[in-house]
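# Residue-level structural notes
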Amino acid sequence: MTSKKILIAGAAGFLGSHLTDALLGKGHAVLGVDNLATGNLANLAHLADEPRFTFLNQDITQPFDPGPVDYVFNFASPASPIDYARLGPETLLVGSAGTINMLNIARKYKAGFLHASTSECYGDPEVHPQVETYWGRVNPIGPRSVYDEAKRFSEAAVTAWNRYYDVDTHLVRIFNTYGPRLQANDGRVISNFMMQALAGEPLTIYGNGQQTRSFCYVSDLIEGIIRLAHTDEHTPVNIGNPSEFTMLECAQEVLAITGSKSKIIHHPLPEDDPTRRRPDITKARALLNWEPRVPLREGLERSLAYFQACLAARSK
Ligand code: UDP
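A few points on the structure. Remember, predicted model here, so these are calculated numbers, not experimental data.

### So, the packing of aromatic side chains
For the structure shown, the criterion picks out 9 aromatic pairs. Measuring from centroid to centroid gives 6.4 Å for Phe73 and Phe75, while their planes differ by 50°, and the two rings are tilted. Its relative accessible area of 10% is what places Phe75 among the buried residues. On the basis of an interplanar angle of 80° and a centroid distance of 5.2 Å, the ring pair of Trp161 and Tyr165 is categorised as edge-to-face. With Trp161 and Tyr165 both in helix H4 (residues 145-165) and 4 residues apart, the pair spans about one turn of that helix. Classification of Trp161 as buried rests on a relative accessible area of 15%. The partly exposed category is assigned to Tyr165, whose relative accessible area is 38%. Linked through ring pairs, Tyr71, Phe73 and Phe75 together constitute an aromatic cluster. One residue, Arg107, lies across the ring of Tyr165, its end atom 3.5 Å from the ring centre.

### Comments concerning the side chain of Asp34
Structurally, Asp34 is set in strand S2 (residues 29-34). Buried and unpaired, Asp34 has no salt bridge, with Arg86 as the nearest side chain of opposite charge at 11 Å. Within the structure, Asp34 has its side chain in polar contact with the backbone nitrogen of Leu36 (distance 2.7 Å). Sequence-distant contacts of Asp34, that is, excluding residues within four places in its chain, are made with Gly10, Ala11, Ala12, Gly13, Gly39, Phe55, Leu56, Asn57 and Gln58.

### Observations concerning the pattern of salt bridges
By the definition in use, this model includes 18 salt bridges. With a shortest N-O distance of 3.5 Å, Arg137 and Asp124 are connected by a salt bridge. Of this pair, Arg137 sits in the loop between strand S5 (112-118) and H4 while Asp124 sits in the loop between S5 and H4, and the two are 13 residues apart along the sequence. Each member of the salt-bridge network shares a partner with another, and the members are Glu120, Arg144 and Arg277.

### A closer look at the packing of helix H5 (residues 189-199) against helix H9 (residues 296-315)
One can describe the packing of H5 onto H9 by two numbers: an axis separation of 9 Å at closest approach and a directional angle of 65°. In this structure, the crossing between H5 and H9 has a hand that is right-handed. Residue-level inspection shows Ile190, Ser191, Met194, Met195, Leu198 and Ala199 of H5 in contact with H9, the latter providing Leu296, Leu300, Ser303, Leu304, Phe307, Gln308, Cys310, Leu311 and Arg314. Considering only residue class, the contact of H5 with H9 consists of 11 nonpolar, 3 polar and 1 charged.

### Let's talk about the site of the ligand
Contacts to the ligand come from 18 residues, most closely from Val189, Thr204, Arg213, Asp273 and Arg277. Between Asn176 and the ligand, the recorded distance is 2.8 Å, taken from a side-chain N or O atom to an oxygen atom. Taking Arg277, its side chain carries an N or O atom lying 2.7 Å from an oxygen atom of the ligand. Contact with the protein chains hides 95% of the accessible area of the ligand, taken as 510 Å² for the molecule alone. At the level of elements, H5 and strand S8 (203-206) are the ones that each hand at least two residues to the shell around the ligand. Per-class residue counts for the shell around the ligand are 7 nonpolar, 5 polar and 6 charged.

### Some thoughts on helix H7 (residues 247-258)
With 12 residues, H7 should reach 16 Å at 1.5 Å per residue; the first-to-last C-alpha distance of 16 Å fits that figure. Contact partners of the buried residues in H7: H5, S8, strand S9 (212-214), strand S12 (244-246), strand S13 (264-267) and H9. Among the residues trailing H7, Gly259 stands out with phi positive, at a value near 65°.

### Observations regarding H4
Here H4 contains 21 residues, and its C-alpha end-to-end distance of 28 Å stays within 8% of the 30 Å for a straight helix at 1.5 Å per residue. Looking one or two residues past H4, Asp166 carries a phi angle of roughly 60°, positive in sign.

### Quick word on the sheet that holds S5
Strands pair in a sheet through their backbones, by hydrogen bonds, and they do so in one of two ways: parallel or antiparallel. Taken in spatial order, the 7 strands of this open sheet run S3-S2-S1-S4-S5-S6-S11, and their pairing is parallel. Looking at the sheet topology across the chains shown, the edges are occupied by strand S3 (53-57) and strand S11 (237-239). With strand direction ignored, the average angle separating the axes of adjacent strands in the sheet is 20°. The pairing of strand S1 (residues 5-9) with S2 spans 5 bridges and is parallel. Counterpart to Lys5 in the pairing with S2 is Ala29. Lying on the sheet, helix H6 (residues 218-229) is in contact with strand S4 (71-74), S5, strand S6 (168-174) and S11; it crosses S6 at an angle near 160°.

Definitions and limits used
Residues numbered from 1 in each chain as written. Predicted model: local features only at pLDDT ≥ 70, side-chain atom pairs only at ≥ 80, totals over all residues. Heavy atoms only, no water. Phe/Tyr/Trp six-rings, centres within 6.5 Å; stacked < 30°, edge-to-face > 60°. Buried < 20%, exposed > 50% of the residue type's maximum accessible area, 1.4 Å probe, protein only. Helix = DSSP H or I, 4+ residues; strand = E, 2+ residues; numbered from the N terminus. Lys NZ or Arg CZ within 6 Å of the ring centre and 35° of its normal. Lys, Arg positive; Asp, Glu negative; His and termini not counted. Salt bridge = Lys/Arg side-chain N within 4 Å of Asp/Glu carboxyl O. Polar contact = N/O pair within 3.5 Å; in protein donor to acceptor, adjacent residues only side chain to side chain. Contact = heavy atoms within 4.5 Å. Axes fitted to C-alpha atoms, helices over the stretch in contact; angles between N-to-C directions. Left-handed = near helix turned anticlockwise from the far one by under 90°. Nonpolar A, V, L, I, M, F, W, Y, C, P; charged D, E, K, R; others polar. Near = heavy atom within 4 Å. Areas by Shrake-Rupley, 256 points an atom, 1.4 Å probe, with all protein chains shown as cover. Expected span 1.5 Å × (residues − 1). Pairing = 2+ DSSP bridges.

Given below as structure tokens:
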């Protein structure tokens, strides 16, 4: 493929920075945009001498003109439950005004567009596993609503810019993803358990630990997203790993790979915490000829050195 100029909003985040690396690796030029609300420049530090990478510190809720681009990836948003609880209004704004600003850039420059949507669009689902045609069960005013409804509004906006303005849009519904550069202190289950296990602290299971999630290793997710970007599919596509774990099983996996003797303790279950989540990836398999390859245990092993380094940095 010829070299393209690609704009990635949220480039300093966990997924944005891995997407940046993957697209640079394919020979493209990347303009990374981030206001660092939850992103971290350390995720891009290794690109300091990369001439095909440029960074712009910019809040995408404010209109800006990056000049001609061939493709826009919109990955800008707080994404962990504690981050979007802290940044509620900002999360609603980035998922509404921010998404529309990015769509207008794609429209102006006739660029492709891919938006990072989420399994949270399904809320606490009655349909299991979750298929793209399921409309979801979301509490519009609960603590997760700032994230869920912003992402659902974004899906409506992305679809409208395709339907009314013929922008070449794509929507990926991302399920729980982990790997190096996941913020060590973002309160998510994998980062919490890894850091707790390595520090010899108790692993905090919320509720009885029978709620489930299905964890995708970051390289599998990025591969699926790049494949989706090359298709003509405008409706949402689930990308995730369908192997489903209870949080108790997840804790056991973390203890096994860290060799930790940490105990398990229980904390109250947060309000509106989805009881189960597992992607039906039939559509992604057929459309993208894609399949996640890294099982949870191997992905945790690949993430171990990163979390060890985070712990060492924290104890300094
Ligand atoms: N969780 C947990 N202990 C923790 C952090 C999270 O048991 O220290 C649970 C949480 O209640 C949820 C699941 O792990 O059921 C996944 O939470 P996370 O915040 O990683 O992401 P979510 O999928 O809820 O957005």
